[in-house]
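# Analysis of the macromolecular model
One letter stands for each residue in the lines below.
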Amino acid sequence: MDPSSPMIHVDPARSISQVDPRIYSGFTEHMGRCIYGGIYEPENPNSLADPNTGFRKDVLDVLKELNVPIFRYPGGNFVSSYRWQDGIGPKHLRPRRPELAWLTEESNQFGTDEFMQFCKAMNAEPYICLNMGTGTLEDALAWLEYCNSSANTHYANLRRNNGHTEPYTVKYWSLGNEVWGPWQVGQMESQDYAKKAFQWAKALKLLDPSIQLISCGETGYADWDRVTLKKLAPVVDYHSIHIYTVSEGNHAVNVMGPAAAEKALEISKSLIDLAKIEAGLDKQITICFDEWNVWDPVRAPGEKGAEEHYDLSDALAVASWLNVFVRKADIVKIACIAQSVNVISPIITSPKGLFKQTTFYPLKLFATLMHGTSLDVHVESPLYMGQTVPDWVEKLEKNAGGDKKLTKYIDVSAVLNESKDEVRIAIVNRHATEEYTIPIRFGPACEVSGGKVNVYEVWSPDLKDSNGWDGERVQTIEREVPWSGEYSVKQHSFQRQSPIPYLF
């Protein structure tokens, strides 16, 4: 096989796991213009907000295109000094507080009840991150009672007095955010966090045994993850990890960045297995990858609102991220892109309107079309062997076996759809200048009929092309092409193909 000539081998009999729709979830933090001026803008001068809720109608309409199943809230770093009690009750009585994560002021005009109303409008489930910085276990139990209790008790009655008779039944609760980080209010050592979180988990489950708890992980390949999983595996349902990839002005570095996440998921799975073996556990623990995205903090500093202006290269990196989640469907069950509006987001707003960033389009294609059973795809491809961020990816790649390489120029995931009559293939050509004609071969028990396939392509002539107020240069182009057993991919492009029918 000529190493410069790629080939894709798909066998619908070789399944990995069901693709969990929750991998297409979102994240809303009190950071920059994500909430205020993004989701929530009751004083919008152009009447774009719903007069009853204050939500931006145009923002919600566009977010609904992404079929977001879960929204994480209220942070992020913000949560580590957040008093949830400040954000409930009559708005004119809510205190204004200094905000320590991003050194701003928090008006508390948007809080728990508004977030629940937003989730209901989006037909999404809420996911709450608890304050393990300045917060106490008493605060956490009170928040859980306020949200979930149907008893005749103080915080349940307070929710009723605030106009919300029925419990919100919030299922997902995480035990802090990035507690390992020096930027975090309330940073802890791994052993100290694990001991504290274990006690919190016991108490929270006593109050509501139905909830699912998420431990605060690091990158998935850090010793923090090993230590915390060893202690918390008996009491949690998910382990969270956070990774952002950067461009450093280099397209190859940008699109190969998700290789770190793929390796992190492999390592995390082994650490979970180790913790379960050592504790003698017979339960499922999977990954909640509840912060991920392309974020270059030099281009978009967090303290200035992190408003990344994404280009085509970033869209291809996001498509590569999503390929990772589909390929690792056996271990990653929830993933939340950070964030949903304005802050490193697929949507940018102004008081007059909004536009969809380049990253919106691959995200929408995956969220609406890549469901079903993840397939074990064999890809032969030219390899990238240059600089990576982090640099350990490059070092591992030098010694990896051929099919274990994570930095292939042709990056692929595939699913067998829910009705089991169609294979859908997502292909990213990450090479900046090379086009390829790729044979697509199927397993021996599979017969592919002729006909046409639908192709959804995200492409533009220049990798630096971006979208903005002057127009959207990067969008999805849909077309129908004859099926010939191979497909030609443009340089630096993403395409998703379907249907490819088959018979066993």
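Summary of the structure given here.

Criteria and thresholds
- Residues numbered from 1 in each chain as written.
- Predicted model: local features only at pLDDT ≥ 70, side-chain atom pairs only at ≥ 80, totals over all residues.
- Heavy atoms only, no water.
- Helix = DSSP H or I, 4+ residues; strand = E, 2+ residues; numbered from the N terminus.
- Buried < 20%, exposed > 50% of the residue type's maximum accessible area, 1.4 Å probe, protein only.
- Contact = heavy atoms within 4.5 Å.
- Areas by Shrake-Rupley, 256 points an atom, 1.4 Å probe, with all protein chains shown as cover.
- Lys, Arg positive; Asp, Glu negative; His and termini not counted.
- Charge placed at Lys NZ, Arg CZ, Asp CG, Glu CD.
- 1 Å grid on protein atoms, 1.4 Å probe; cavity = no way out; pocket = protein on both sides within 12 Å on 5 of 7 lines; lining within 4 Å.
- Points joined across faces, edges and corners; volume = space filled by probe spheres on them.
- Nonpolar A, V, L, I, M, F, W, Y, C, P; charged D, E, K, R; others polar.
- Axes fitted to C-alpha atoms, helices over the stretch in contact; angles between N-to-C directions.
- Parallel < 35°, antiparallel > 145°, perpendicular 65-115°, else oblique.
- Pairing = 2+ DSSP bridges.
- Phe/Tyr/Trp six-rings, centres within 6.5 Å; stacked < 30°, edge-to-face > 60°.
- Lys NZ or Arg CZ within 6 Å of the ring centre and 35° of its normal.
- Salt bridge = Lys/Arg side-chain N within 4 Å of Asp/Glu carboxyl O.
- Left-handed = near helix turned anticlockwise from the far one by under 90°.

We now examine the overall build of the chain. Regarding its fold elements, the chain presents 11 helices and 27 strands. Overall size of the chain, expressed as C-alpha extent along the three principal axes, is 70 × 60 × 40 Å. Within the chain, the proportion of its 504 residues that are buried is 61%. Taking all contacts inside the chain whose residues are at least 6 apart in sequence as the whole, residues at least 24 apart take part in 76%. Only carbon and sulfur atoms are counted for the fraction: they give 51% of the accessible area of the chain, which is about 19600 Å². With 50 positive and 65 negative side-chain charges, the chain shows a separation of 3 Å between the mean positions of the two kinds.

A full pass over the atoms with the stated rule returns two cavities of 30 Å³ or more. Within this model, the largest cavity holds a volume of roughly 70 Å³. If you trace the largest cavity, you find it lined by Y24, S25, G26, L63, L66, V68, F71, I337, S340, P346, L363 and A367. For the lining of the largest cavity, the per-class residue count stands at nine nonpolar, three polar and no charged. For the second largest cavity, the calculated volume is near 30 Å³. Listed by contribution, the elements that provide at least two residues to the lining of the second largest cavity are α8 (259-279) and α9 (312-327). A per-element tally of the lining of the second largest cavity places α9 first, with three residues. Its residues assigned to classes, the lining of the second largest cavity shows four nonpolar, one polar and four charged.

Another point: the packing of α8 against helix α11 (residues 391-399). Where α8 meets α11, the closest approach of the two axes is 9 Å, and the angle between their N-to-C directions is 75°. One finds that α8 runs roughly perpendicular with respect to α11. Along the contact surface, α8 presents A259, A260 and K263, while α11 presents W392, V393 and L396. Residues belonging to the contact of α8 with α11 are distributed by class as follows: five nonpolar, no polar and one charged.

What follows concerns the sheet that holds strand β1 (residues 7-10). Here four strands make up an open sheet; going across it, the order is β16-β1-β19-β25 and the pairing mixed. Each edge of the open sheet carries a strand with a single partner, namely β16 (378-380) and β25 (486-489). Ignoring which end each strand starts from, the neighbouring axes of this sheet average 20° apart. Here β1 runs beside strand β19 (residues 436-442); their pairing, made up of three bridges, is parallel. Of the residues in β19, the one forming a bridge with I8 is I440.

On to the packing of aromatic side chains, then. This structure, assessed with the given rule, holds 29 aromatic pairs. Consider the rings of F289 and W321, whose centres lie 5.6 Å apart with planes at 90°: the pair is edge-to-face. Taken together, the residues span a long stretch of sequence, with F289 in strand β11 (residues 286-294) and W321 in helix α9 at a distance of 32 residues. Here the two residues F289 and W321 agree in accessibility, since each one is buried. By way of ring pairs, the aromatic residues Y36, Y40, F55, F71, Y73, F110, F115 and F118 are connected into one cluster. The lysine or arginine in question, K490, covers the ring of W459, its NZ or CZ lying 4.1 Å from the ring centre.

Attention now goes to the environment of F325. Position of F325 among the secondary structure elements: in helix α9. On the basis of relative accessibility, which here comes to 0%, the residue F325 falls in the buried class. With 277 residues separating them in the primary sequence, F325 and L48 have C-alpha atoms 35 Å apart. With residues near it in sequence (within four places) discarded, F325 still touches I23, L265, F289, W292, V332 and A335.

Turning next to the pattern of salt bridges. In total, this model carries 31 salt bridges according to the counting rule given. R83 is paired through a salt bridge with D86; the nearest N and O atoms lie 2.5 Å apart. With a relative accessible area of 5%, D86 lands in the buried category. Taken together, the shared-partner salt bridges in this structure form one network comprising E262, R327, D411 and R430.

Closest axis-to-axis distance for the helix α3 (residues 137-148)/helix α4 (residues 154-161) pair is 7 Å, and the angle between their directions is 50°. With respect to each other, α3 and α4 are oriented oblique. As α3 runs across α4, the sense of the crossing is right-handed. On α4, the residues touching A142, E145, Y146, C147 and N148 of α3 are H154, Y155, A156, L158 and R159. Of the residues assigned to the contact of α3 with α4, the class counts are six nonpolar, two polar and two charged.

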